[in-house]
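Read off the chains here:
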Amino acid sequence: MSVQKVGVVGAGVMGVGVAQNLAQTKHDVILLDVSEEILSRARQAIKNSLRLQNFFKKDKQQEMPDVVMKRIHFTLEYDDFRDADFIIENAPEKWEIKQNIYAILDEVCLDHCVFSANTSAIPITRIASATKRAPQVLGIHFMNPVPMKPVVELIRGFHTSQQTIELARDLLANMVKECVVVNYAPGFVSNRVLMLAINEAVCLLHEQVAPAEDVDKIFRSCFGHPMGPLETADLIGLDTILLSIEVLYESFQDSKYRPCPLLKKMVAAGLHSRKSGQGFYNYSQPSTCNQEHVDNRK
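Residues numbered from 1 in each chain as written. Predicted model: local features only at pLDDT ≥ 70, side-chain atom pairs only at ≥ 80, totals over all residues. Heavy atoms only, no water.

1. A look at the packing of aromatic side chains
Next up, step 1: Tallied over the full model, the rule gives five aromatic pairs.
Next up, step 2: Centroid distance Tyr184 to Phe188: 5.9 Å. Interplanar angle 75 degrees. Geometry classified as edge-to-face.
Next up, step 3: Ring geometry for Phe252 against Tyr257: centres 5.3 Å apart, planes inclined by 20 degrees, an arrangement best described as stacked.
Next up, step 4: With a relative accessible area of 2%, Tyr257 lands in the buried category.
Next up, step 5: In this arrangement the basic side chain of Arg43 is found over the ring face of Phe74, its NZ or CZ atom lying 4.3 Å from the centre. (Phe/Tyr/Trp six-rings, centres within 6.5 Å; stacked < 30°, edge-to-face > 60°. Buried < 20%, exposed > 50% of the residue type's maximum accessible area, 1.4 Å probe, protein only. Lys NZ or Arg CZ within 6 Å of the ring centre and 35° of its normal.)

2. Side note on the pattern of salt bridges
Oppositely charged side chains can pair when the atoms bearing their charge come close.
Next up, step 1: All told, the structure shown has twelve salt bridges when counted by the stated rule.
Next up, step 2: Two residues, Glu37 and Arg41, come together in a salt bridge whose shortest N-O distance is 3.2 Å. With Glu37 and Arg41 both in helix α2 (residues 36–56), this residue pair falls four residues apart, about one helical turn. Across the pair, Arg41 and Glu37 agree in class, each one exposed. (Salt bridge = Lys/Arg side-chain N within 4 Å of Asp/Glu carboxyl O. Helix = DSSP H or I, 4+ residues; strand = E, 2+ residues; numbered from the N terminus.)

3. Side note on the pairing of strand β5 (residues 114–117)
Next up, step 1: Here β5 shows a buried face lined by Val114 and Ser116 and a second buried face lined by Phe115 and Ala117.
Next up, step 2: As judged from the three bridges shared by β5 and strand β6 (residues 137–141), these two strands associate in the parallel manner. Counted as the bridge partner of Phe115 is Val137 from β6. (Pairing = 2+ DSSP bridges.)

4. Section: helix α1 (residues 13–24)
Next up, step 1: When the terminal C-alpha atoms of α1 are compared, their 17 Å separation across twelve residues agrees well with the 16 Å that a helix rising 1.5 Å per residue should span.
Next up, step 2: α1 sits mainly inside the fold: nine of its twelve residues count as buried.
Next up, step 3: Looking only at α1, the buried set comprises Gly15, Val16, Gly17, Val18, Ala19, Gln20, Asn21, Leu22 and Ala23.
Next up, step 4: Positive phi appears at Lys26, one or two residues downstream of α1, with a value of about 70 degrees. (Expected span 1.5 Å × (residues − 1).)

5. A look at the sheet that holds strand β4 (residues 86–89)
Next up, step 1: Ordered in space as β3-β2-β1-β4-β5-β6-β7-β8, the eight strands form an open sheet in which the pairing is mixed. Each edge of the open sheet is held by one strand with a lone partner, namely β3 (72–75) and β8 (178–183). Pairs of neighbouring strands in the sheet enclose a mean axial angle of 25 degrees, with direction left out of account.
Next up, step 2: For strand β1 (residues 5–9) and strand β2 (residues 28–32), the ladder comprises five bridges, and the chain directions are parallel. Across the sheet, residue Lys5 finds its bridge partner in β2, namely Asp28.
Next up, step 3: Relative to β5, helix α4 (residues 95–108) is tilted by about 165 degrees, and along the sheet it contacts β1, β4 and β5. (Axes fitted to C-alpha atoms, helices over the stretch in contact; angles between N-to-C directions. Contact = heavy atoms within 4.5 Å.)

6. Some thoughts on the environment of Ser116
Next up, step 1: For Ser116, the location among the structural elements is in strand β5.
Next up, step 2: Given a relative accessible area of 1%, Ser116 falls into the buried group.
Next up, step 3: For the pair Ser116 and His141, spaced 25 residues apart in sequence, the C-alpha to C-alpha distance is 9.2 Å.
Next up, step 4: Within the structure, the side chain of Ser116 is placed 2.8 Å from the backbone oxygen of Ile87, a separation counted as a polar contact. (Polar contact = N/O pair within 3.5 Å; in protein donor to acceptor, adjacent residues only side chain to side chain.)

7. Quick notes on the packing of helix α7 (residues 190–206) against helix α10 (residues 238–252)
Next up, step 1: At a closest axis distance of 10 Å, the pairing of α7 and α10 adopts a crossing angle of 110 degrees. The orientation of α7 relative to α10 falls into the category roughly perpendicular. Between α7 and α10 lies a crossing whose hand is left-handed. Residues Asn191, Arg192, Met195, Ile198 and Asn199 of α7 form the contact with α10, whose own contacting residues are Ile241, Ser244, Ile245, Leu248 and Phe252. (Parallel < 35°, antiparallel > 145°, perpendicular 65-115°, else oblique. Left-handed = near helix turned anticlockwise from the far one by under 90°.)

The structure is reproduced here in structure tokens:
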């Protein structure tokens, strides 16, 4: 079976990137979220991203943004997924939300439809348990920004069939992406290591060992990383970081995954990073380190 139509649940940063990448590789896309306001922002974000790509890749043959946009159907209705071949879910990292989504998808979608969770840490086997099609459920961990990242983590759940893995692999190849298949463990490979590093970097800031700019500079300059851990956290979103590390802490019951108090404080204050305008850096004033959280941490 080849995948012709893909449903994308969630029109946040990751969902927008996934929908854009799919449409640019000539897939029909259905992008769903809970409000017209969110969908309107998603529509504009994709248009802006396509125009930016065209501007910077003038030497390459690019489809016009309007042509790509026509492949994306924006919707509030799960019923629009009835003829989808493949679903990519990008909902927040909260089990109650995901459980409800998969129960609805299982009722609406055709029997052959495959469900994939673009999750950072929630168990794939647990997600599969919310459906009646466990062999057709797997994890696909896209990296942000999705259209620019060439490699994806593909996560096999306890019941995931080899046929499902191969179908997902073919879809990703058509999206011009390579995949690395891993067995499920909390956080998989990438987030089990990355979240720990980011949390420890936040602790350095919390303990006033070094400001954010210096922490990130060490990783860029000494290790050759394109971004430091705190810049990476701001790109992902601090709310997503906190939810992911809380899942790891709950799964392993190991104190090394205990979220830094500063991270919890910033998320509670609504400082979710780029999407809110402020995280470890202030995005209303580019490259300005957000130091007030350190100074006022008590």
